[in-house]
Amino acid sequence: MIPVTKPFLPPNDEYLKIIDGIWKRQWLTNMGPLASELEMSLKEYLKVNHLLFVTNGTIALQMAIKSLNITGEIITTPFSFVATTSTIVWEGCTPVFVDIDEKTLNIDATKIEAAITENTQAILATHVYGNPCDVEAIEKIATKYNLKVIYDGAHAFGVRVNNKSIFEYGDISTCSLHATKLYHSVEGGLIITKDPDLLKKNAYIRNFGFNGPESFAELGINGKNSEFHAAMGLVNLKYIDDIYKRRKVITERYNEKLLNFRAYRPKWHSDANINYAYYPLVFENEKLLLEVKNLLEGHEIFTRRYFYPSLANTLPYLEPKKIEITDKVSPTVLCLPLYYDLTLEEVDLICRLMLRAQNN
Ligand SMILES: *Cc1c(COP(=O)(O)O)cnc(C)c1O
């Protein structure tokens, strides 16, 4: 069986060694030493100044919205994971969908201005598959209309644009460290901002709003993460370069073998490195996609329609809306298996089957 993804696991003795100290300290959660060490290591690795390790990528988005005092309309993309939209609704705000660019599959920055109303307060865009949005164009619009910008960088760990971490763009960027992501701490998330005051506010929010044992600075929530999760993050960080390298080899093998397959790859930002988080393909049509998906499933090989369907017309808590390019592209996108342990023989098998489906 070949799943679409498989979590990376480090050698278990390395993990056990690092969690051993937890028994001595008996400090299990609440910003313990391993969580602090992970924050330090990630700041260094990502080259960012301010970062918080939180429970997961979803709570990171909620905290971002809350800490920026956003209560009105948020312009966002219909082509993302459900958490991008659900957190907007959860925070009592209104998502306003703007279509994606057919080549990059990210929000189309040229269509944002037309969606701005007097109630618009922010833009929440996803770096889809880790591919940076047009951050410069978005920044210009945000400045012109005095809007906050949040980036859902759940896929974008390790990506740099113009030699700067992608997480440094926007008022706040978030990341997910969920087990299925490129780099993970089993469950986990990050909040990154350039603004030290905003970071401090989020640190209070993360801990119920406490700013002392008997006093509160903010309306807070429990966004903390544990020492056991931090330990996994610390061990996995040692392997991150191996992880990219392995995924690059797999990606290039797919590219080579699928040269004549009738599909295109999303166009990557020209000034950014690739982090090989996913292997998405935009098929010529949905019929071919379904034939490939079914044929692969017959061989116990699992792909994922990621993201399908569009968030603008599937959520039971929102009025369904047609969004031209998203509705056209989303049914034709398929992510192929990509994970550390995937072998090149398995990649070759997948590609052979795909070409067979195409030529039938
Ligand atoms: C995974 C993901 C999230 C949610 O992150 P969790 O850590 O699972 O809560 C949010 N947005 C996108 C785009 C994701 O892929």
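As a starting point, this report considers the structure included with it. Remember, it's a predicted structure, so these values are computed and weren't measured experimentally.

1. Looking at helix H8 (residues 240-257)
Along its 18 residues, H8 runs 26 Å from first to last C-alpha, staying within 8% of the 26 Å computed at 1.5 Å per residue. Within H8, the full set of buried residues consists of Ile240, Ile243, Tyr244, Arg247, Ile250, Thr251 and Tyr254. The arc that holds every buried residue of H8, seen down its axis, measures 135 degrees, which confines them to one face. More than 90 degrees from the buried face of H8, the exposed residues found are Lys245 and Glu256. Buried residues along H8 sit against helix H2 (33-46), helix H7 (227-238) and helix H11 (344-359).

2. As for the nonpolar core
Core analysis: the largest hydrophobic core is formed by 54 residues, its most contacted members being Leu42, Ile75, Ile112, Ile138, Phe157, Phe167 and Leu190. Looking at this core, the element that brings in the most residues is H7, giving 6 residues. Residue-level mapping places this core at the junction of two domains, with at least three residues from each of domain 1 (12-99 + 107-237) and domain 2 (240-359). If sequence neighbours within four positions are ignored, Ile75 has contacts with Val96, Val98, Ile107, Ile112, Ala115, Ile116, Thr120, Ala122, Ile123 and Leu124. Counting residues in each nonpolar core, the second largest holds 25 residues, with Tyr279, Leu289, Val347 and Ile350 among its members.

3. Quick word on the packing of H8 against H11
For the pair H8 and H11, the least separation of the axes is 10 Å and the interaxial angle reads 25 degrees. One element, H8, and the other, H11, form an angle in the roughly parallel class. Remark: the crossing between H8 and H11 carries right-handed chirality. Judged by residue contacts, Arg246, Val249, Ile250, Arg253, Tyr254 and Lys257 of H8 engage Leu344, Val347, Asp348, Ile350, Cys351 and Leu355 from H11. Residues belonging to the contact of H8 with H11 are distributed by class as follows: 8 nonpolar, no polar and 4 charged.

4. Some thoughts on the site of the ligand
Neighbouring residues of the ligand: 16 residues in total, closest Thr58, Asp152, His155, Ser176 and Lys181. A distance of 3.1 Å separates an oxygen atom of the ligand from a polar side-chain atom of Lys181. Taking 380 Å² as the accessible area of the ligand by itself, protein coverage stands at 93%. Put simply, the parts of the chain that give the shell around the ligand at least two residues each are helix H3 (57-67) and helix H4 (82-90).

Reading the values: the criteria
- Residues numbered from 1 in each chain as written.
- Predicted model: local features only at pLDDT ≥ 70, side-chain atom pairs only at ≥ 80, totals over all residues.
- Heavy atoms only, no water.
- Helix = DSSP H or I, 4+ residues; strand = E, 2+ residues; numbered from the N terminus.
- Expected span 1.5 Å × (residues − 1).
- Buried < 20%, exposed > 50% of the residue type's maximum accessible area, 1.4 Å probe, protein only.
- Arc of directions from axis to C-beta.
- Contact = heavy atoms within 4.5 Å.
- Core = buried A, V, L, I, M, F, W, Y, C linked by side-chain atoms within 4.5 Å.
- Domains from an automatic or database assignment.
- Axes fitted to C-alpha atoms, helices over the stretch in contact; angles between N-to-C directions.
- Parallel < 35°, antiparallel > 145°, perpendicular 65-115°, else oblique.
- Left-handed = near helix turned anticlockwise from the far one by under 90°.
- Nonpolar A, V, L, I, M, F, W, Y, C, P; charged D, E, K, R; others polar.
- Near = heavy atom within 4 Å.
- Polar contact = N/O pair within 3.5 Å; in protein donor to acceptor, adjacent residues only side chain to side chain.
- Areas by Shrake-Rupley, 256 points an atom, 1.4 Å probe, with all protein chains shown as cover.

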